[in-house]
Amino acid sequence: MHCPMRKKRPTRNSDFSAIVVPSMHGSGYLDYTVETHASRSMKVMDEFRRQEMLCDLVLHVTYKEKTVDFKVHRVVLASCSPYFRAMFTSSFKECCASEITLRDVCPQVVGRLIDFAYTSHITVGEKCVLHVLLAAMRYQMEDVAKACYDFLTKHLEPANVIGIARFAEEIGCTELHQRSREYINTHFNEVTKEDEFFSLSHCQLLELISQDSLKVLCESEANSCKDFLSKIFQDMTLRKLPPAPNRGTQLIYVAGGYRQHSLASMEAYDPRRNAWLKLADMGSPCSGLGACALFGLLYTVGGRNLSLQNNTESSALCCYNPMTNQWSQRASLNIPRNRVGVGVVDGCIYAVGGSQGSTHHNTVERWDPESNRWSFVCPMSVARLGAGVAACGGALYVVGGYDGQNRWNTAEKYQPDTNTWHQLAPMSTIRSGLGLVCVNSYLYAVGGYDGRSQLSSVERYNIARNVWEPRASMQFCRSAHGVTVHQRRIFVLGGFNQHGFLSSVECYCPERNEWTCVTEMPVGRSGMGVAVTMEPCPGSLPEPEEDEDGAT
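Residues numbered from 1 in each chain as written. Predicted model: local features only at pLDDT ≥ 70, side-chain atom pairs only at ≥ 80, totals over all residues. Heavy atoms only, no water.

1. Let's talk about the overall build of the protein
- A tally of helices and strands in the protein yields twelve helices and 35 strands.
- Long-range pairs, those at least 24 residues apart, make up 52% of the contacts in the protein between residues at least 6 apart in sequence.
- When the accessible surface of the protein is split by element, carbon and sulfur atoms take 50% of a total near 28600 Å². (Helix = DSSP H or I, 4+ residues; strand = E, 2+ residues; numbered from the N terminus. Contact = heavy atoms within 4.5 Å. Areas by Shrake-Rupley, 256 points an atom, 1.4 Å probe, with all protein chains shown as cover.)

Next comes the structure, spelled out in structure tokens:
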């Protein structure tokens, strides 16, 4: 007599779950999963490893002339590490090798990673976490790396956060670096009281304090580092800091300019290597702009965007950070200023003269970096477009320029402490579109346009005697050129003359009273902003493009 199959109740225990599914023909099948099978299998494989059974690979781990051997199963390592998976499943010679050497990694750390591969368990602490994190990133064991930076994130404090942030940046641990920077930004006042803060180089300090998200509840709360910051900033302004490898070198930055239309490009020239660097473009094309360096950052002021389709004058103040190779905006001028003169006195930027449309300005504005505000100061005696502007001895000097009808040879000096202008002896030559720089307490007026032709002549102002005297002429006539000082030598870049836009760069030695042609700009132009500050952080720059023959 046929007995129908009884439906069995599903049976469950800690090892498996089962369910019986009847078929249409009265038969069924059993589908079950043993939930602990994987962990039990790994436990058995770990026992095999410890007893050196069925192992198919020996890892020789060499560190500081010491070697430790580990017998392992390659399938286990490959299952939790893309690094080892690629090694064992590709055409690498290690694919079939029975022995592999790992160099420059601590055997104790490798032992921890191997234990994790078999057990899914790892313990990290203060003494080993950085070493384990490095090895986990090297062998692409993401779960271990995450455990390490979770540990470090939970143990961030003012005394260690700068060191951890620098470590994370160096090894490319983006998430840990970001968390550390967020901690610094929100606990800045506590961080400035720790020894790590005072060990920062000037480049690292600039990068730290240039963050827009930095939170300082009250400026007075930073008193513990006030003297330190003041000394650093003073040294930067006076160019007293000794050069440091990679980041201590100062370059000549050239922003924007004009050649048939306004340009957005920026390059930097390294006189030591006679080489040009291509840097991040400005936000929009600009010519007739002023430029200066303040606390290691590069600022561009005013100018205009001139092309066949556009003629827009600018009131922008833009900041370039050499540490990040990025531009950012600051507070705009009160009025647009094309062909503006720029100088820095007592940590503030002055924007002098310029024009808006047919209006030529005699007004002057001052930007305070602490408040990020522009305010008008006492105006000049006359309007000046394309004037020479330079700071020297705590005063601002302005010479030459054009008011829409007259070109000037006059000079005047602004005293910030009294907010007054004082007339100086006039230059021997009328000049607009000239350059003015200060070297060894002398002012040098370089080139320009006298209403008839571009000039190659140079004259020097003796501040103590209030007199101008001639100096050696440049090799090329030029106006609307860039002029700056690098290592006590005057550099003149580009400009315009009767032959067109110039790409030549000349260098003047005050001791020898001699000009020398040193290089050519990548593109000849006029009306660019030129200033000197620290070289960019190499990590922020794009990889150089290769020519077809492989040369960069």
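From this point, the discussion proceeds with the structure in view.
2. A few points about the pattern of salt bridges
- A full pass over the atoms with the stated rule returns 19 salt bridges.
- The closest approach of N and O atoms between Asp46 and Arg49, which form a salt bridge, is 2.7 Å. Taken as a pair, Asp46 and Arg49 lie in helix H1 (residues 37-50) at a separation of three residues, close to a single helical turn.
- What makes Asp46 buried here is its relative accessible area of 10%.
- Across the pair Arg431 and Glu459 runs a salt bridge, and its minimum N-O distance is 3.1 Å. (Salt bridge = Lys/Arg side-chain N within 4 Å of Asp/Glu carboxyl O. Buried < 20%, exposed > 50% of the residue type's maximum accessible area, 1.4 Å probe, protein only.)

3. Regarding the sheet that holds strand E9 (residues 290-294)
- With respect to topology, four strands assemble into an open sheet ordered E9-E10-E13-E14, the strand pairing being antiparallel. Strand pairing shows two members of the sheet lacking a second neighbour, E9 and strand E14 (326-330), which therefore form its edges. Going from strand to strand, the sheet's axes swing by 25° on average, the running direction of each strand aside.
- Pairing of strand E10 (residues 297-301) with strand E13 (residues 317-321) involves four bridges; the strand directions are antiparallel. Along E13, the bridge assignment pairs Tyr299 with Cys319. (Pairing = 2+ DSSP bridges. Axes fitted to C-alpha atoms, helices over the stretch in contact; angles between N-to-C directions.)

4. Comments concerning the sheet that holds strand E21 (residues 388-392)
- If you walk across this open sheet you meet the four strands as E21-E22-E23-E24, and the pairing is antiparallel. Edge strands, defined here as strands with exactly one partner in the open sheet, are E21 and strand E24 (420-424). Each strand axis lies, on average, 25° off the axis of its neighbour in the sheet, ignoring direction.
- Relative to E24, strand E23 (residues 411-415) is paired through five bridges, and the arrangement is antiparallel. Residue pairing across strands places Lys413 opposite His422, the latter belonging to E24.

5. A look at the pairing of strand E16 (residues 348-352)
- With five of its five residues buried, E16 lies for the most part within the structure.
- Burial along E16 is two-sided: Cys348, Tyr350 and Val352 facing one way and Ile349 and Ala351 facing the other are all buried.
- The pairing of strand E15 (residues 341-345) with E16 spans five bridges and is antiparallel. Residue pairing for E16: Val345 is matched across the bridge by Cys348.
- The turn linking E15 back onto E16 is made up of two residues, and Asp346 within it adopts a positive phi angle of 50°.
- Where E16 meets strand E19 (residues 364-368), four bridges bridge the pair, whose relative direction is antiparallel.

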